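# Structural description and commentary
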Amino acid sequence: DVVMTQSPLSLPVTLGQPASISCRSSQSLVYSDGNTYLSWYQQRPGQSPRRLIYRVSNRDSGVPDRFSGSGSGTDFTLKISRVEAEDVGVYYCMQGTHSWTFGQGTKVEIK
Amino acid sequence: EVQLVESGGGLVEPGRSLRLSCTASGFTFGDYAMTWVRQAPGKGLEWVGFIRDTVGGATTEYAASVKGRFTISRDDSQNIAYLQMNSLKIEDTAVYYCSRAPPWELPDWWGQGTLVTVSS
């Protein structure tokens, strides 16, 4: 099974400052069709998850452009250019290349 | 507007069965895979399984933790996906989310979830 490892697990950030979350997979996530099925999800307190990014770097409709995804192979990153109060929550990476697996989650909170 | 509404959760004893439903609206149901993801209290997200769309043959895949006990099915005429859970264990206690996945993509829309509590 593919293991997804996120770091850090807790991320205190100052409003207006950038934040970065790492996600590493135990195997390459490049599928036979050439695509990499890696998505990022945000789960605000008390809410359902919401997809932010799909296939590494494609932002979903309605997602602010301060969110960006990057990476390749086994190493991926979600960046928030300037953290806002509404960004508080837990962020998960998820892979869909080798069955499906979530990372453990990274809790973003305001300092 | 896309809507996914889960129902059927509740309190059930270990070893018993429960069936969850996910009623969809606002999109062409048959064009999407339907998936179930769960979240134990205070824990992270765990993928449970999915059923592919009609073009994909409506075939299913399951996480190892539920394979052989849980079954996902779909009724495209009613726009409903089901999660049949048998031989429930205490560790199956979680909020169960239904979500849809576009062909060859990961889930892009989620329901509000339904709580399943397995306890004697």
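Quick note: structure is the one above.
Every value quoted in this text rests on a predicted model; they were computed, and no experiment measured them.

### Things to note about the overall build of chain A
Of the regular secondary structure elements, chain A holds 0 helices and 11 strands. In summary, chain A has a C-alpha radius of gyration of 13 Å against a globular reference of 13 Å for 111 residues, a match within 12%. Here the analysis covers contacts within chain A between residues at least 6 apart in sequence; of these, 53% occur between residues at least 24 apart. Put simply, chain A has 11 plus and 9 minus side-chain charges, and the middle of one group is 3 Å from the middle of the other.

### Focus: the pattern of salt bridges
Taken as a whole and assessed by the stated rule, the structure comprises 12 salt bridges over all chains. Among the salt bridges present, the one from Arg-51 of chain A reaches Asp-60 of chain A, with a minimum N-O distance of 2.8 Å. The exposure class assigned to Arg-51 of chain A is buried, which follows from its relative accessible area of 7%. For the salt bridge of Arg-38 of chain B with Glu-46 of chain B, the shortest nitrogen-to-oxygen distance reads 2.7 Å. By relative accessible area, which is 6% here, Arg-38 of chain B ends up buried.

### Some remarks on the sheet that holds strand 8 (residues 80-85) of chain B
All names here are of chain B. On the basis of which strands lie adjacent, the open sheet formed by 4 strands has the order 1-3-8-7 and antiparallel pairing. Lying at the two open borders of the sheet, with one neighbouring strand each, are strand 1 (3-7) and strand 7 (70-75). Each adjacent strand pair in this sheet contributes to an overall mean axis angle of 15°, direction not counted. Relative to strand 8, strand 3 (residues 18-25) runs antiparallel, the two being bridged by 6 bridges.

Reading the values: the criteria
Residues numbered from 1 in each chain as written. Chains lettered and ligands numbered in written order. Predicted model: local features only at pLDDT ≥ 70, side-chain atom pairs only at ≥ 80, totals over all residues. Heavy atoms only, no water. Helix = DSSP H or I, 4+ residues; strand = E, 2+ residues; numbered from the N terminus. Rg over C-alpha atoms; globule rule 2.2 N^0.38 Å. Contact = heavy atoms within 4.5 Å. Lys, Arg positive; Asp, Glu negative; His and termini not counted. Charge placed at Lys NZ, Arg CZ, Asp CG, Glu CD. Salt bridge = Lys/Arg side-chain N within 4 Å of Asp/Glu carboxyl O. Buried < 20%, exposed > 50% of the residue type's maximum accessible area, 1.4 Å probe, protein only. Pairing = 2+ DSSP bridges. Axes fitted to C-alpha atoms, helices over the stretch in contact; angles between N-to-C directions.

Distances and angles like these do not, on their own, reveal function.
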